[in-house]
Amino acid sequence: MYRRVVRMPEADEVSDLVARRLLERLIELQDVQPIVHVCLTGGNAANAMYERFAELAEGSALDAAKLQLWWGDERFVPATDPDRNSLQAVSRLARTVSIKSADTHMMAAKDGRKDSHECAAEYEAELGGTHFDVTLLGVGEDGHVASIFPGHPSFEPTTRNVIGVTDAPKPPAERISLTIPALNRSTEMWVMATGPGKSEAIARALAGDERLPAAHVHGEVATYWYLDDEAAAGLPEQFRCGL
Ligand SMILES: O=C(O)[C@H](O)[C@@H](O)[C@H](O)[C@H](O)COP(=O)(O)O
């Protein structure tokens, strides 16, 4: 299984590179398949990349009609809460990418009728056996990915593909998340991390420390770790490859 660590000096260069490569990859895929499934994530690194992606996509050959957007996790808050990963992503991407709501598979919002576990079961049914062409992830300082947290029930082995998460260490406490096996049902896994706070988690994850969820994610064909120098600072020399 191919793994590549790509390191850029600054965080904005990581956003730019990932956005460029994602646009390039999606255009390649749309030319050879009718539908392209992308699994998105939340957080600052991802949002910065979505903003750059929207700039680059304007006037490009991207055919949004072929895109199906999914989420690896969602904060279980009311639909209009700006904290929602899907709102943050779509508000940025839709500036230039004509995403039809029919092609965006947002996880349910908190509406007082169903809890996160029930909504997770609904998303699991919607997801079915969907296989992602590209899955994007950020990494938390504790080594979490999506809403799978180390030393937390969310990280316990399960046969489920989507779970409700409560008492999450990263607010908000209630979330919905794909499990690691479901995230890994991806041809390519793209992991983004920037800033000094991630250096220990990145070093441990790339060294295979299985206590971290980030150590368990991989694409079936390729896994790319896009890091800035600060997030890569804890890596041994052989990992610190450039482009
Ligand atoms: O709901 C969330 O918060 C995200 O899905 C989460 O998994 C995020 O990707 C990481 O915490 C990294 O976030 P930053 O890029 O903001 O550090």
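Residues numbered from 1 in each chain as written. Predicted model: local features only at pLDDT ≥ 70, side-chain atom pairs only at ≥ 80, totals over all residues. Heavy atoms only, no water.

Where an unreviewed UniProt entry is consulted, the protein chain appears under the name 6-phosphogluconolactonase, with the organism given as Tessaracoccus lapidicaptus.

Next up on the list: the pattern of salt bridges. Where side chains of opposite charge bring their charged atoms close, a pairing between them can arise. Taken as a whole and assessed by the stated rule, the structure comprises 18 salt bridges. A salt bridge links R52 to D16, with the shortest nitrogen-to-oxygen separation between them at 2.6 Å. Linking R52 in helix α2 (residues 44-57) with D16 in helix α1 (residues 11-30), this pair joins segments that are 36 residues apart in sequence. Note on R52: relative accessible area 23%, which makes it partly exposed. A salt bridge links D209 to R211, with the shortest nitrogen-to-oxygen separation between them at 2.7 Å. Relative accessible area serves as the criterion here: at 59%, R211 is assigned to the exposed category. Connected through salt bridges with shared partners, the residues D16, R20, R52 and E55 form a single ionic network. (Salt bridge = Lys/Arg side-chain N within 4 Å of Asp/Glu carboxyl O. Helix = DSSP H or I, 4+ residues; strand = E, 2+ residues; numbered from the N terminus. Buried < 20%, exposed > 50% of the residue type's maximum accessible area, 1.4 Å probe, protein only.)

Here we take up the packing of α1 against α2. At a minimum axis separation of 8 Å, α1 and α2 run at an interaxial angle of 55°. As far as their axial angle goes, α2 and α1 are oblique. Pair α1 / α2 crosses with right-handed handedness. Two secondary-structure elements touch here, α1 through S15, D16, V18, A19, R20, L22, L23 and L26 and α2 through A48, M49, R52, F53, L56 and A57. Partitioned by chemical class, the residues of the contact of α1 with α2 number 10 nonpolar, one polar and three charged. (Axes fitted to C-alpha atoms, helices over the stretch in contact; angles between N-to-C directions. Parallel < 35°, antiparallel > 145°, perpendicular 65-115°, else oblique. Left-handed = near helix turned anticlockwise from the far one by under 90°. Contact = heavy atoms within 4.5 Å. Nonpolar A, V, L, I, M, F, W, Y, C, P; charged D, E, K, R; others polar.)

Turning our attention to the packing of aromatic side chains. This model, assessed by the stated rule, comprises six aromatic pairs. Look at Y2 and Y224: their rings are 5.9 Å apart centre to centre, the planes differ by 65°, and that puts the pair in the edge-to-face class. With Y2 in strand β1 (residues 2-8) and Y224 in strand β10 (residues 222-228), the pair connects residues that are 222 residues apart, well separated along the chain. Taking the relative accessible area as the measure of exposure, Y2 reaches 43% and is therefore partly exposed. By the ring-pair criterion, three or more aromatic residues cluster together here, those being Y2, W190, Y224 and Y226. (Phe/Tyr/Trp six-rings, centres within 6.5 Å; stacked < 30°, edge-to-face > 60°.)

With that out of the way, let us pick up the UniProt feature "domain: Glucosamine/galactosamine-6-phosphate isomerase" (unreviewed entry) in the protein chain. The sites that carry the UniProt feature "domain: Glucosamine/galactosamine-6-phosphate isomerase" (unreviewed entry) are, in the present numbering, residues 10-225. Helix makes up 31% of residues 10-225 and strand makes up 19%, while its end C-alpha atoms are separated by 14 Å. (UniProt positions renumbered as here; feature names shortened; annotations may be inferred.)

Once that is clear, we can look at the environment of I35. Within the fold, I35 resides in the loop between α1 and β2 (36-40). The partly exposed category is assigned to I35, whose relative accessible area is 31%. When the C-alpha positions of I35 and D133 are compared, they lie 9.5 Å apart, and in sequence the two are 98 residues distant.

Attention now goes to the site of the ligand. Residues in contact with the ligand amount to 15 residues; listed here are only the nearest, N44, R75, H144, A146 and K198. A distance of 2.7 Å separates an oxygen atom of the ligand from a polar backbone atom of N44. With respect to the ligand, the side chain of R175 contributes an N or O atom lying 2.7 Å from an oxygen atom. Starting from 420 Å² of accessible surface for the ligand in isolation, the protein chains cover 93%. Taken together, the elements giving at least two residues each to the shell around the ligand come down to α2 and β4 (73-75). For the shell around the ligand, the per-class residue count stands at three nonpolar, seven polar and five charged. (Near = heavy atom within 4 Å. Polar contact = N/O pair within 3.5 Å; in protein donor to acceptor, adjacent residues only side chain to side chain. Areas by Shrake-Rupley, 256 points an atom, 1.4 Å probe, with all protein chains shown as cover.)

Taking 1.5 Å per residue as the helical rise, helix α4 (residues 116-127) with its 12 residues ought to reach 16 Å, and the 16 Å between its terminal C-alpha atoms agrees with that figure. As for α4, its buried residues are in contact with β3 (67-71), β5 (104-105), β6 (132-138), β7 (162-165) and β8 (175-178). One or two positions beyond α4, positive phi appears at G128, with a value near 50°. (Expected span 1.5 Å × (residues − 1).)

Turning our eyes to something else, we now look at the sheet that holds β4. Read across the open sheet, the three strands follow the order β4-β8-β7; overall the sheet is antiparallel. Because the sheet does not close on itself, it has two edges, and the strands there are β4 and β7. Mean inter-strand twist for the sheet, computed between neighbouring axes without regard to direction, equals 15°. As judged from the three bridges shared by β4 and β8, these two strands associate in the antiparallel manner. Bridge assignment links D73 to a residue of β8, and that residue is S177. In the packing of α4 onto the sheet, contacts are made with β7 and β8, and the angle to β7 comes to roughly 160°. (Pairing = 2+ DSSP bridges.)

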